[in-house]
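Survey of secondary and tertiary structure
Listed below are the residues making up each chain.
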Amino acid sequence: MSSDQLQRLKPGQSPHEPEKATLEGKNKFLGFWFFLGGETVLFASLFGTYLALNGPESNTSGPGPAELFGLELVFIMTVILLTSSLTSVYAIYHMKNLDFGKMQLWLGITVALGLTFLGLEIYEFYEYIMHEEHTFTSDAFGSAFYALVGFHGGHVLFGLLWIVTLMVRNSKRGLNLYNAPKYYIASLYWHFIDVVWVFIFTVVYLMGKLGG
Amino acid sequence: MAKNTNSTSYEFYKQKNKEEMKYQLITFALMIIFTLVAFGMVIAEYNPMFTIPVIILLACVQVGFQLYYFMHMSHKGHGLPALFLYSGIFVALLTVLAMVTIVWW
């Protein structure tokens, strides 16, 4: 890393795309998309498992998908996560204008929304486990459900820790060519979490409600 | 590079970023609408044989918006990311197809 990379960027300066101005940034960008391709396959195996194990044969104890899921909570969670995706777009918008303060502010809003989502998911799981007898070990449907939705929740938690770490680590440094790519790929990760959630609310909750 | 060329190009890109942000907001509005339609169709209890393909299609379109606008895949220089992602999607589809057909067919 050269010392140029650590020079603080301020509004009014170039470059236009600080996340791809260095070779290191370009490599991070490519490497991260490669990782996302792998994540797609990983989640597909969990979705495949869930789709194979959500029928009545594997639902031997506790309620099935149609009785279990409440669409109100899922809808609220969906809107919250979708909005957090938009707020991280705002953060990257301000990064491209080299406005560090506003970028941190919008990332802070993203983190707050992400925490709300995570809180609601924990509440949902708590209700299922305490009041519905739907646990990880109750039946194959339970295992497949918690493996898929819980793994997504784990990704949300990891994304939150990642963004908070970046925000704290760079709070006094400001934006530079060294950390701009880091912020950029963290936002890509956050969008990817939302991509997975779109399929979860469609395949798990909506199709579960339809009994199909 | 002279200082004033920098600030001119800064203003130029700032304007460009602003225009892009407008498209991002339209994208967001469309995604919310798709979500509302998907939930609405399930609540309205249409025939599942009709509802399921439609909500899956809505999910795919919504994810496309997310990838191409929010994650900037519509921008230049995203050839390799597209290759990586579509390879992933190809294997993903095969995986889901294999698991589902083994059990349900």
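Computed from a predicted structure; not experimentally measured. (Residues numbered from 1 in each chain as written. Chains lettered and ligands numbered in written order. Predicted model: local features only at pLDDT ≥ 70, side-chain atom pairs only at ≥ 80, totals over all residues. Heavy atoms only, no water.)

Let us look at unusual backbone geometry. Positioned with a positive phi, Glu133(A) is a non-glycine residue whose angle comes to about 55°. The topology assignment puts Glu133(A) in the loop between α4 (100-131) and α5 (140-169). The backbone of Glu45(B) sits at a positive phi, close to 55°, despite the residue not being glycine. Considering the arrangement of structural elements, one finds Glu45(B) in the loop between α1 (3-43) and α2 (48-70). (Helix = DSSP H or I, 4+ residues; strand = E, 2+ residues; numbered from the N terminus.)

Feature annotation in UniProt places "transmembrane region" (unreviewed entry) on residues 30-53, 73-93, 105-123, 143-168 and 188-208 of chain A, given in this structure's numbering. With 100% helix and 0% strand, the stretch residues 73-93 of chain A has end C-alpha atoms that lie 30 Å from each other. (UniProt positions renumbered as here; feature names shortened; annotations may be inferred.)

This brings us to the UniProt feature "domain: Heme-copper oxidase subunit III family profile" (unreviewed entry) in chain A. Mapped onto the present numbering, the UniProt feature "domain: Heme-copper oxidase subunit III family profile" (unreviewed entry) falls on residues 30-209 of chain A. From the first C-alpha to the last, residues 30-209 of chain A spans 39 Å; its make-up is 81% helix and 0% strand.

Counting 90 residues, the largest nonpolar core has Trp33(A), Phe69(A), Phe145(A), Leu175(A), Trp197(A), Ile200(A) and Tyr205(A) as the members making the most contacts within it. Formed jointly, this core draws a minimum of three residues from each of two domains, domain 1 (3-74) and domain 2 (76-105) of chain B. Excluding residues within four positions of it along the chain, Tyr205(A) makes contact with Phe69(A), Leu71(A), Val74(A), Glu124(A), Tyr128(A), Phe145(A), Val149(A), Trp197(A) and Ile200(A). (Core = buried A, V, L, I, M, F, W, Y, C linked by side-chain atoms within 4.5 Å. Buried < 20%, exposed > 50% of the residue type's maximum accessible area, 1.4 Å probe, protein only. Domains from an automatic or database assignment. Contact = heavy atoms within 4.5 Å.)

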